Amino acid sequence: MARDGRKGIGGMADPRRYGIERVAYWLMRLSGLGLLAYFVAHIYETSNILRGRVGWDEILHMTQTTEGHIVLALVIGMCVFHTVNGIRVMLGHGGVGVGRPARPDYPYNPASQNYRHKIGIYSAIILAAVAMMYGLAVMFGE
Amino acid sequence: MRESTIMKIHYGTAIAAVALVAVHVLMRVTQGFAESLEYESVLANYRFVPYAIMLELILILLSVHGFNGLRVILLELRQGRLYEKSVSYGCMAAMVGLIAYGSRTIILTNMGLT
């Protein structure tokens with residue numbers, strides 16, 4: 001809601017003009033929600049083992065498809081990004097790699113948004129892409 | 001509970017879950033992805049007590065981490081006493097429900113009640 005010059009949730013959500021850190025912020029939340037949805041679905045999927053061999057084979061028949069493998073590859077990517085970026089965030093919260101306190105001078109670059117954390121974010125994205133490719137090779141390579 | 005304590009739990013569950021999920025995924029990859037999903041193979045995994053305990057731990061760790069993460073995201077979007085309490089208790093209820101449902105699968109399969 002744009003009220004009194006405030007941009008509200010839309011402003012918070014806007015990934016433009018705020019650098020890779022804002023993109024990482026959104027990817028972290030979206031991957032978290034995606035992984036939670038997958039986790040709930042996985043718990044339901046595995047509960048079909050209680051229906052015996054027929055129930056298990058039925059659910060495998062539904063999930064072990066090309067579409068299922070693509071979804072699983074996305075889950076792998078989300079999982080790797082969430083893990084690597086999560087470690088970066090944890091280290092940042094612990095004061096690791098955020099730089100030394102200094103007098104704020106023009107152009108007021110935040111010390112915490114430095115190259116170390118940018119490398120961390122890009123590494124998370126690259127590792128997620130590599131893991132997705134490996135996952136696809138394992139799933140489709142058989 | 002203080003938010004700082006909750007965040008420590010959030011990070012602790014994350015680190016522990018990464019280690020255990022890595023073992024869970026490696027079991028799938030080393031056995032061969034398709035073979036590891038066969039009925040007998042999955043049943044054998046559930047009946048092997050140390051593995052069943054590991055699955056239960058993963059279930060608890062990821063449920064706590066996942067639903068606390070959801071709570072944090074929802075609290076970022078909106079604030080207010082009633083809203084915050086509803087979100088916190090709602091996420092807690094969902095977490096307990098998921099742990100109970102997943103534990104039922106692990107325990108019944110481990111006991112051979114399939």
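Description of the structure in this document. Please read all numbers here as calculations on a predicted model, not as lab measurements.

## Regarding the overall build of chain B
Turning to step 1, where the next piece is worked out: Check the secondary structure of chain B and you find 5 helices and 0 strands.
Turning to step 2, where the next piece is worked out: Overall, chain B shows an N-to-C arrangement of helices and strands of α-α-α-α-α.
Turning to step 3, where the next piece is worked out: Computed over its C-alpha atoms, the radius of gyration of chain B comes to 17 Å, more than 25% above the 13 Å expected for a compact globule of 114 residues.
Turning to step 4, where the next piece is worked out: Along the first, second and third principal axes, the C-alpha set of chain B runs to 50 × 25 × 20 Å.
Turning to step 5, where the next piece is worked out: For chain B, buried positions account for 23% of its 114 residues.
Turning to step 6, where the next piece is worked out: Put simply, 74% of the contacts in chain B that link residues at least 6 apart link residues at least 24 apart.

## Some words on the environment of B:Leu62
Turning to step 1, where the next piece is worked out: The residue B:Leu62 is located in helix α4 (residues 49-77) in this model.
Turning to step 2, where the next piece is worked out: Counting along the chain gives 37 residues from B:Leu62 to B:Ile99, while the straight-line C-alpha distance between them is 9.5 Å.

## Remarks on the nonpolar core
Turning to step 1, where the next piece is worked out: Grouped together as the largest cluster of nonpolar side chains are 35 residues, with contacts concentrated most on A:Leu35, A:Ile76, A:Cys79, A:Val80, A:Phe81, B:Ile58 and B:Leu62.
Turning to step 2, where the next piece is worked out: The set of elements that each furnish at least two residues to this core consists of α2 (19-46), α4 (66-93) and α5 (115-140) of chain A together with α1 (3-31), α4 and α5 (81-110) of chain B.
Turning to step 3, where the next piece is worked out: In terms of residue count, the dominant contributor to this core is α4(A) (8 residues).
Turning to step 4, where the next piece is worked out: Among residues more than four places away in sequence, those in contact with A:Val80 are A:Leu127, A:Ala128 and A:Ala131.

## Re the interface of chain B and chain A
Turning to step 1, where the next piece is worked out: In this complex, chain B contributes 24 residues to the contact, which on the side of chain A involves 22 residues.
Turning to step 2, where the next piece is worked out: Among the secondary structure elements, those contributing two or more residues to the side of chain B that touches chain A are α1, α2 (33-36), α3 (39-47), α4 and α5 of chain B.
Turning to step 3, where the next piece is worked out: Here the residues of the side of chain B that touches chain A are counted per class, giving 18 nonpolar, 6 polar and no charged.

Criteria and cut-off values
Residues numbered from 1 in each chain as written. Chains lettered and ligands numbered in written order. Predicted model: local features only at pLDDT ≥ 70, side-chain atom pairs only at ≥ 80, totals over all residues. Helix = DSSP H or I, 4+ residues; strand = E, 2+ residues; numbered from the N terminus. Rg over C-alpha atoms; globule rule 2.2 N^0.38 Å. Buried ≥ 20, exposed ≤ 12 C-beta atoms within 10 Å, placed from the backbone. Contact = placed C-beta atoms within 7 Å. Core = buried A, V, L, I, M, F, W, Y, C linked by C-beta atoms within 7 Å. Nonpolar A, V, L, I, M, F, W, Y, C, P; charged D, E, K, R; others polar.

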